[in-house]
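# Analysis of the macromolecular model
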Amino acid sequence: MQPEHDWTGAGFATRAIHAGQDPDAATGAVVPPIYQVSTYKQDGVGGLRGGYEYSRSANPTRAALEQALAAAEGGSHGFAFASGLAAEDTLLRAVLRPGDHVVVPDDAYGGTYRLIARVFGPWGVEHTPVDLADADAVLAAIEPGRTKVVWVETPTNPLLGIADIEAIAAHARAAGALLVVDNTFATPYLQRPLSLGADVVVHSTTKYIGGHSDVVGGALVVADGAQLPVGLEGPAGTTTLADAVAFHQNASGAVAGPFDAWLTLRGLRTLAVRMDRHGQNAAAVAAFLEDHDKVTHVIYPGLPAHPGHAVAARQMSGYGGMISFRTGSVETALEVCSRTRVFTLAESLGGVESLIEHPGKMTHGSVAGTALEVPDDLVRLSVGIEDVADLIADLAQALA
Ligand SMILES: *Cc1c(COP(=O)(O)O)cnc(C)c1O
């Protein structure tokens, strides 16, 4: 077998295409094959070839994706799950116990909030929603000794708030809490939270990493040397976060299937070029919306008027493809959503095709009436990689 090349010194696009993806040892297949298999022949009891025993525990296609994700985020261990929420659920089970407390963004992804409030809440986990753009407010919300997780999303969904990862990491570390960053919107191409002090990165790979709206998946990438929250002992007495997540991934079993892992890995290979185009198109669309008289407020971290612009400019290498804007009335917002033709009215984001949605009635319906409720005149765009002139013409006719 050819020795695995070490891609750690390579650039992002090179790592995304090669890390974990050596040509197949048996056949030379250039791309990791889909190992659509549940179990593996043992050469005598316990004689595993390459460590594979049963596909819930490990599968070669999933392993390729997990190594590639770890390389993309600059972490030591990657884990692939059946969905973003499955990844989050596994992580939270690994690091929380009844009586613990979590700090959550006050405009977190609605499903994340629902998981923490309505699934973990009844198991005795408490939470405090906080405006993450305000690092002092985060500090005030942390209860030393009881807060075990500080959950960061940046940019947030759908209000595109920016959190200063480095500043919040210092507060979390001082309190012995884990810093989790949901990096779904930025992607590892634009932002690498582990290098800014996060312990673990969460992804809905359904979005930009998959990139083609054809697969649901999730991932965790753990920082080299990351430990469980202070005072928590993991399975078999270990205190490393990676061991605890690996145990829970296998013990709970919400893993990505081989075909889903293969599709997600195919998406990851083109992430760099897609994100460049998403960002260019979004900047042009944001400029168009800013000049439009039916639009009262454009929310895009790349605009100098965005309150998080300076932090975003420091910790991101681009501003991504998501834009939200307000129209002054729920009627106008709903009408715009129903009149676009290039932008498809649909939930989700991060695919090559442009999408439009009304968060209040669609993605964020589950947080209505909570601290996370979003304005009802808000429209969210996932700007795709079509020709930008067509995108702007479509919005112009929808707003006319
Ligand atoms: C979609 C999304 C999730 C949940 O991921 P699923 O793959 O839908 O389970 C979590 N966080 C963010 C920011 C998301 O956009």
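Residues numbered from 1 in each chain as written. Predicted model: local features only at pLDDT ≥ 70, side-chain atom pairs only at ≥ 80, totals over all residues. Heavy atoms only, no water.

## Some thoughts on the UniProt feature "modified residue: N6-(pyridoxal phosphate)lysine" (unreviewed entry) in the chain
Per the UniProt record, "modified residue: N6-(pyridoxal phosphate)lysine" (unreviewed entry) is found at Lys207. Among the structural elements, Lys207 can be located in the loop between strand 6 (200–204) and strand 7 (218–222). The class for Lys207 is buried, based on a relative accessible area of 10%. (UniProt positions renumbered as here; feature names shortened; annotations may be inferred. Helix = DSSP H or I, 4+ residues; strand = E, 2+ residues; numbered from the N terminus. Buried < 20%, exposed > 50% of the residue type's maximum accessible area, 1.4 Å probe, protein only.)

## Describing unusual backbone geometry
Cis geometry is adopted by the peptide bond preceding Pro155, which originates at Thr154 and carries an omega value of -5°. The topology assignment puts Pro155 in the loop between strand 4 (147–153) and helix 6 (165–174). A cis amide bond links Asn157 with the next residue in sequence, Pro158, at an omega value of 10°. Backbone geometry at Ala236 places phi at a positive 55°, although glycine is not the residue there. Residue placement: Ala236 occurs in the loop between strand 7 and helix 8 (241–252). In this structure Ala236 comes out as exposed when scored by relative accessible area, which is 83%. With a phi angle near 80°, Ser348 is a residue other than glycine that sits in the positive phi range. Here Ser348 lies in the loop between strand 10 (344–345) and strand 11 (355–357). Judged by relative accessible area, Ser348 falls into the partly exposed class, the value being 27%.

## Description of the sheet that holds strand 10
On the basis of which strands lie adjacent, the open sheet formed by five strands has the order 8-9-12-11-10 and mixed pairing. Every interior strand has two partners, whereas the edge strands, strand 8 (297–299) and strand 10, have only one. The sheet contact formed by strand 9 (residues 322–326) and strand 12 (residues 378–382) spans five bridges and is antiparallel. Along strand 12, the bridge assignment pairs Phe325 with Val379. Running over the sheet, helix 10 (residues 271–290) touches strand 8, strand 9 and strand 12 and is turned about 10° from strand 9. (Pairing = 2+ DSSP bridges. Contact = heavy atoms within 4.5 Å. Axes fitted to C-alpha atoms, helices over the stretch in contact; angles between N-to-C directions.)

## Some words on the packing of aromatic side chains
Counted according to the given criterion, the structure contains four aromatic pairs. Considering the side-chain rings of Phe259 and Trp262, the 6.0 Å spacing of their centres and the 15° angle between planes classify their relative orientation as stacked. Of the two residues, Phe259 and Trp262 both sit in helix 9 (residues 258–269), three residues apart, roughly one turn of that helix. According to the relative accessible area criterion, Phe259 is partly exposed, its value standing at 41%. (Phe/Tyr/Trp six-rings, centres within 6.5 Å; stacked < 30°, edge-to-face > 60°.)

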